[in-house]
Amino acid sequence: MAYTPDTAQKFDDPHLTASGETRARVRYDGTKTIWFNTGTLCNIECVNCYIESSPENDRLVYLTLADVVPYLDELEAAGEAPIEIGFTGVSRLWRRKSCRSWKRPCREGMRC
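Rules and cut-offs
Residues numbered from 1 in each chain as written. Predicted model: local features only at pLDDT ≥ 70, side-chain atom pairs only at ≥ 80, totals over all residues. Heavy atoms only, no water. Helix = DSSP H or I, 4+ residues; strand = E, 2+ residues; numbered from the N terminus. Buried < 20%, exposed > 50% of the residue type's maximum accessible area, 1.4 Å probe, protein only. Contact = heavy atoms within 4.5 Å. Areas by Shrake-Rupley, 256 points an atom, 1.4 Å probe, with all protein chains shown as cover. Expected span 1.5 Å × (residues − 1). Arc of directions from axis to C-beta. Pairing = 2+ DSSP bridges. Right-handed = clockwise from strand over helix to strand, strands pointing away. Core = buried A, V, L, I, M, F, W, Y, C linked by side-chain atoms within 4.5 Å.

**Student:** When you look at the overall build of the protein chain in this model, what are you seeing that I'm missing?
**Tutor:** When helices and strands are counted, the protein chain shows four helices and two strands. When the helices and strands of the protein chain are placed in sequence order, the string is α-β-α-β-α-α. By residue count, 28% of the 112 residues in the protein chain fall in the buried class. In the protein chain, the proportion of contacts linking residues at least 24 apart, taken out of those at least 6 apart, comes to 54%. If you sum the accessible surface of the protein chain, you get close to 8500 Å²; carbon and sulfur atoms cover 55% of it.

So, in structure tokens, the structure goes:
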């Protein structure tokens, strides 16, 4: 839906829709898990891969610890840590080699 003054008006009230109906709500119970996608380069090419990882796909560069730390710091500052951290993307072989990079969050009580 493109932004127009009319569409913006539909979202003026956080509790009621433009027609006066009660908006659906989901209670926030805190962050339980955060997932990080580690990259799209992979030594295999699976037919059903949701992100089309392959030996040639470098659209999503490898995620580094420096990329992740600001998110972990933000969770900690909000009182949301420790949580479970999930890593997805690229092959298990790459993840095994890169595990050294992820020891900091795991040492700080996060479940990895």
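**Student:** So what exactly am I meant to see when it comes to helix H2 (residues 65-77) here?
**Tutor:** Residues spaced three or four apart along an α-helix point in a common direction, a consequence of the helix completing one turn every 3.6 residues. Between the first and last C-alpha of H2 there are 18 Å, a value that for 13 residues agrees with the 18 Å anticipated at 1.5 Å per step. For H2, the full list of buried residues reads Val 68, Val 69, Leu 72 and Leu 75. The arc that holds every buried residue of H2, seen down its axis, measures 130 degrees, which confines them to one face. In H2, the exposed positions that point more than 90 degrees away from the buried face belong to Ala 66, Glu 74 and Ala 77.

**Student:** It is not clear to me how the pairing of strand E1 (residues 33-37) should be interpreted in this structure. Could you clarify?
**Tutor:** Where a strand is regular, its side chains alternate between the two sheet faces. Note that E1 and strand E2 (residues 84-88) share five bridges and pair parallel. In the sheet register, Ile 34 faces E2, and the bridge partner there is Ile 85. Viewed along the sheet, the connection from E1 through H2 into E2 turns out right-handed.

**Student:** What exactly am I supposed to notice about unusual backbone geometry here?
**Tutor:** Trans is the prevailing form of peptide bonds, just as negative phi is the prevailing case for residues other than glycine. The residue Glu 52 is not glycine, and still its phi comes out positive at about 55 degrees. One can find Glu 52 in the loop between E1 and H2.

**Student:** Just checking my understanding: could you explain the nonpolar core for this structure?
**Tutor:** Grouped burial of nonpolar side chains is what soluble globular proteins tend to show. Counting residues in hydrophobic clusters, the biggest one holds nine residues: Ile 34, Phe 36, Leu 63, Val 68, Leu 72, Leu 75, Ile 83, Ile 85 and Phe 87. Put simply, the parts of the chain that give this core at least two residues each are E1, H2 and E2. In terms of residues, this core owes the most to one element, H2, which gives three residues.

Nothing here speaks to function; it is all geometry.
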